[in-house]
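An overview of the molecular structure
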Amino acid sequence: MKICFVGIENLPVLAPEYGQHNIAGEGVQQTLLGRALARRGHNVSMVVWDYGQADGAEWEGIRVFKAYRPNAGIPVLRFVHPRWTGMWSAMARADADLYYTSCAGMHVGLVALFCRRHRKRFVFRAASDTDCGRSRLLVQFARDRWLYEYGLRRADAILVQSVSQAESLAHCYGLAGRVAGMLVENLQPAAARDIDVLWVSNIRRVKRPDRILELAERLPEVRIHMVGGPLPGEESLFRDVRDTAAAKTNLTFHGRLSYRDADHLYGRAKVLVNTSDVEGFPNSYLQAWIKGVPVVTLIDPDRIIERERLGVAVGSAAQIPAAVRHLLGDPTAWDAASDRCRAFMAREHGEDKVLAAYLDTFEEVMRPGASKPKMLMSNEPRHV
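Residues numbered from 1 in each chain as written. Predicted model: local features only at pLDDT ≥ 70, side-chain atom pairs only at ≥ 80, totals over all residues. Heavy atoms only, no water.

Turning our attention to unusual backbone geometry. Following His81, the chain continues into Pro82 via a peptide bond in cis, with omega recorded as 20 degrees. Within the secondary structure, Pro82 is located in helix α3 (residues 80-94). Non-glycine residue Cys103 carries a positive phi angle of around 75 degrees. Assignment of secondary structure puts Cys103 in the loop between β5 (98-102) and α4 (106-118). The backbone of Arg309 sits at a positive phi, close to 55 degrees, despite the residue not being glycine. Looking at where Arg309 falls in the secondary structure, it is placed in the loop between α11 (304-308) and β14 (311-313). (Helix = DSSP H or I, 4+ residues; strand = E, 2+ residues; numbered from the N terminus.)

Printed below as a string of structure tokens:
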């Protein structure tokens, strides 16, 4: 198959020399999926931001086409040029049979329009619980929300991260979604466990970095490392977090790190703490578990942490310190949780097992006469 991933932030994951730029969870997932498909002989390409790389350059069997520079164009007008025009031009140069994108946003509508016009197939994947419900969408402008729903309804297939996302998609949009797992790689073996608590996320309000700062205050004996870079519109929050962290002797603030440098910190950590109010299925969980690191979090997709005992899913932010204390203070409990994490990853997240849902979906939509995602009637049972 000729498959093109429209993932504007993918290049820093794919190409280490661009690792200083922002990395998002879906950039990791799209890149791991693209690599796995390329290794199996598929013709894989990507549409990404223009960081000055050569157009059509290739990394690990994946050709990369640049759409536009991150800040190029005049506000308002740049929606059309260079963003719309640049994306479509790069998609045309990729000349794929199937286009794949993820995360809610205006780009979903633009990809759908391109595929409709050029008779290509289009697969969308939800990257967060917020992608599956109108009232929770993290999309600012009404125009972009409309484009997102337009694209969602015209996808040839919709993939989701969890059963709960599929249920929300059915309830809010009347569309069927198929659960597809997530890939992960273990770049470096676990090292000396000299980090008690690790926190990894882009610095934005919905991720609640204030809670990890509070944890450092409440547990002064615990060594905490914090990783995250600023996002557009959140620069002042980043500065506040950085400055507050600098005043705490038990907290090391790394700022933005490359994908590979962050991977090294997972291997040094004892516990990963997630403080977000909203998530999908975070990549950070998988990166922690594959290195035997239990997770303490408010977010437990499909109750997997509770069911498999891969850490502690707390009911409120106030319970995070006690959960961290328990894991750090009981070596026997930590060893058992660490072993369960590794065993779970080996059992459930092997590459061939995860790829099966994607390959089945891609092959189905490429068949002549393939139908769109099933529209669920209001009186029809909502199930996956």
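What follows is about the environment of Ala96. With respect to the helices and strands, Ala96 occurs in the loop between α3 and β5. For Ala96, a relative accessible area of 1% gives the class buried. Taking the C-alpha atoms as reference points, Ala96 and Val80, separated by 16 residues in sequence, lie 23 Å from one another. Sequence-distant contacts of Ala96, defined by excluding residues within four places in its chain, comprise Lys2, Ile3, Cys4 and Lys120. (Buried < 20%, exposed > 50% of the residue type's maximum accessible area, 1.4 Å probe, protein only. Contact = heavy atoms within 4.5 Å.)

With that settled, the discussion passes to helix α5 (residues 142-154). Given a rise of 1.5 Å per residue, 13 residues ought to cover 18 Å, and the 19 Å separating the end C-alpha atoms of α5 matches this to within 8%. Check the buried side of α5 and you find it contacts α4, β6 (121-125), β7 (157-160) and α6 (163-173). (Expected span 1.5 Å × (residues − 1).)

Let us look at the sheet that holds strand β1 (residues 2-6). Taken in spatial order, the eight strands of this open sheet run β3-β4-β2-β1-β5-β6-β7-β8, and their pairing is mixed. Whereas interior strands pair on both sides, the edge strands pair on one side only; in this sheet they are β3 (57-59) and β8 (178-179). Where β7 lies against β8, two bridges are found, and the strand directions are parallel. From the neighbouring strand, Val160 faces β8, where its bridge partner is Val179. Together, β1, β2 (43-48), β4 (62-66), β5 and β6 form the strand contacts of helix α2 (residues 25-39), whose direction differs from that of β1 by roughly 165 degrees. (Pairing = 2+ DSSP bridges. Axes fitted to C-alpha atoms, helices over the stretch in contact; angles between N-to-C directions.)

Here the focus is the pairing of β6. Of all five residues in β6, four are buried; the element is thus mostly enclosed. Two strands pair when backbone bridges link them, and β5 and β6 are joined in this way by five bridges, in the parallel orientation. Looking at β6, one finds that Ser102 is bridged to Arg125. Handedness of the crossover is the feature at issue here: the chain leaves β5, passes through α4, returns alongside β6, and the resulting connection is right-handed. Summarising the sheet, β6 and β7 pair through three bridges and their orientation is parallel. When the sheet's bridge partners are listed, Arg125 is paired in β7 with Leu159. A crossover connection joins β6 to the parallel β7 through α5; in handedness this β-α-β unit is right-handed. (Right-handed = clockwise from strand over helix to strand, strands pointing away.)

Taken as a whole and judged by the stated rule, the model has 33 salt bridges. For Asp156, the salt bridge goes to Arg121, with nearest N and O atoms at 3.1 Å. Of the two residues, Asp156 sits in the loop between α5 and β7 while Arg121 sits in strand β6, which places them 35 residues apart along the sequence. Ionic pairing is found between Arg303 and Glu306, a salt bridge with its closest N-O pair at 2.7 Å. Residue class for Arg303 comes out exposed when judged on its relative accessible area of 53%. (Salt bridge = Lys/Arg side-chain N within 4 Å of Asp/Glu carboxyl O.)

As a further point, take the sheet that holds strand β11 (residues 251-255). Pairing is parallel across the open sheet formed by six strands, whose spatial order is β11-β10-β9-β12-β13-β14. At either margin of the open sheet sits one strand with a lone partner, and together these are β11 and β14. In this sheet, adjacent strand axes meet at a mean angle of 20 degrees when their direction is disregarded. Relative to strand β13 (residues 295-297), strand β12 (residues 269-274) runs parallel, the two sharing three bridges. Note that in β13 the partner of Asn274 across the bridge is Thr297.

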